[in-house]
Amino acid sequence: MVVEVSGDLACFTRPELKSERFSYEVMTPSAARGILESIFWKPEFDYIICKIEILKPIRWFSIRRNEVKSLVSEDWVRRAMADTTLRYDVENDRDQRNTVALRDVAYRIYAQVELRPHADQHQAKYREQFRRRVAKGACYSQPFLGTREFAARFGEPTSAKPIEECRDLGVMLHSIGYEANSETYRWFLARLEDGVMEVPPNGLELPSAAPAKTRS
């Protein structure tokens, strides 16, 4: 299955950079998988990203803004539900951070469907359902390019050619696995060949290489 996505802004945050938000040069496979799942998701299968074509030149922009430093805990939510006068002190929990992100992006995502053991339908059925949703512009939730404030447009593949550029992209986030209260990060050595980034089926697990949270 193939789908094209584009947007005015994108930020596929490198998880090893904690204090500042710095984007990878291109979309990561985990971000591509998130876009596909926002268009069409079923518990009977997983998306396997095969390759990503970059359709527009890599262009950067930077912005500095105030961000909340911490997440609201479940304990605080319970206390707020019991005491309606309780207020979260946002003014004292802000930090100014710099974001280096991408602008005017467009990608073509190629993926396959991998059935889970309990699936009772053929792969072709899910592929056709996905294609129909893309043709209609239907989605379960608004797709985004790395962070939720950078919305993505999507549609059927066009004849647009990938950029003519070759470069090593270094170690890139392949996927994140969630089990119980832990997260497993997998990585791969990414390279751009004539605007195409091939994605291996599985990445290499490096437990200590990433922090607990990422937005890519």
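Everything that follows concerns the structure shown earlier in this document.
Reference entry: report on the structure contained in this document. (Residues numbered from 1 in each chain as written. Predicted model: local features only at pLDDT ≥ 70, side-chain atom pairs only at ≥ 80, totals over all residues. Heavy atoms only, no water.)

### What to know about the overall build of the chain
Put simply, the test is: By definition, any uninterrupted DSSP run of H or I lasting at least four residues is a helix, any uninterrupted run of E lasting at least two residues is a strand, and each is numbered from the N terminus. Contacts: residue pairs with any heavy atoms within 4.5 Å of one another. Note on areas: these come from Shrake-Rupley sampling with a 1.4 Å probe, and a residue is covered only by the protein chains present in the view.
Across its full length, the chain carries three helices and ten strands. The helix and strand sequence of the chain, counted from the amino end, reads β-β-α-β-β-α-β-α-β-β-β-β-β. Within the chain, counting contacts between residues at least 6 apart in sequence, those at least 24 apart form 74% of the total. Surface summary for the chain: the accessible area is close to 12,400 Å², and the carbon and sulfur share equals 49%.

### Comments concerning the nonpolar core
Formally: As used here, the term nonpolar core means buried Ala, Val, Leu, Ile, Met, Phe, Trp, Tyr and Cys residues forming a set that is joined through side-chain atoms within 4.5 Å. Exposed residues in this analysis have more than 50% of their type's maximum accessible area, buried residues have under 20%, and partly exposed residues fall in between, with area computed by a 1.4 Å probe over protein chains only.
Ranked by size, the top nonpolar core spans 44 residues in total, and within it Phe12, Met27, Tyr107, Phe130, Leu145 and Met197 carry the most contacts. For this core, the secondary structure elements donating two or more residues are strand E1 (2-10), helix H1 (29-39), strand E3 (45-54), strand E5 (94-115), helix H3 (123-136), strand E7 (167-179) and strand E8 (182-193). Counting residues per element, this core draws most heavily on E5, which supplies six residues.

### Notes on H1
The buried count for H1 comes to nine of eleven residues, which makes it a mostly enclosed element. For H1, the set of buried residues is Pro29, Ser30, Ala31, Ala32, Arg33, Ile35, Leu36, Ser38 and Ile39.

### Section: the environment of Glu37
Its location among the elements puts Glu37 in helix H1. Given a relative accessible area of 30%, Glu37 falls into the partly exposed group. Sequence separation between Glu37 and Cys139 is 102 residues, and the spatial gap between their C-alpha atoms is 8.7 Å. Among all residues touching Glu37, those that are not within four sequence positions of it are Tyr47 and Tyr140.

### Comments concerning empty space enclosed by the protein
Heads up, the rule is: Lining residues are defined by having an atom within 4 Å of a point belonging to a cavity or pocket. Those points lie on a 1 Å grid over the protein atoms alone, cavities being sets where a 1.4 Å probe fits but cannot get out and pockets being open sets with protein on both sides within 12 Å along at least five of seven lines. Grid points are joined across faces, edges and corners, and a volume is the space filled by probe spheres set on the points. Residues are sorted three ways: Asp, Glu, Lys and Arg are charged, Ala, Val, Leu, Ile, Met, Phe, Trp, Tyr, Cys and Pro are nonpolar, and all the rest, Gly among them, are polar.
In this structure the tally under the stated criterion is one cavity of 30 Å³ or more. What lines the largest cavity is simply Glu25, Ile54, Lys56, Pro57, Ile58, Arg59, Leu102, Arg103, Asp104, Val105 and Tyr107. For the lining of the largest cavity, the element with the most residues is E5, which contributes five residues. A per-class count over the lining of the largest cavity returns six nonpolar, no polar and five charged.

The analysis is restricted to geometry; functional conclusions fall outside its scope.
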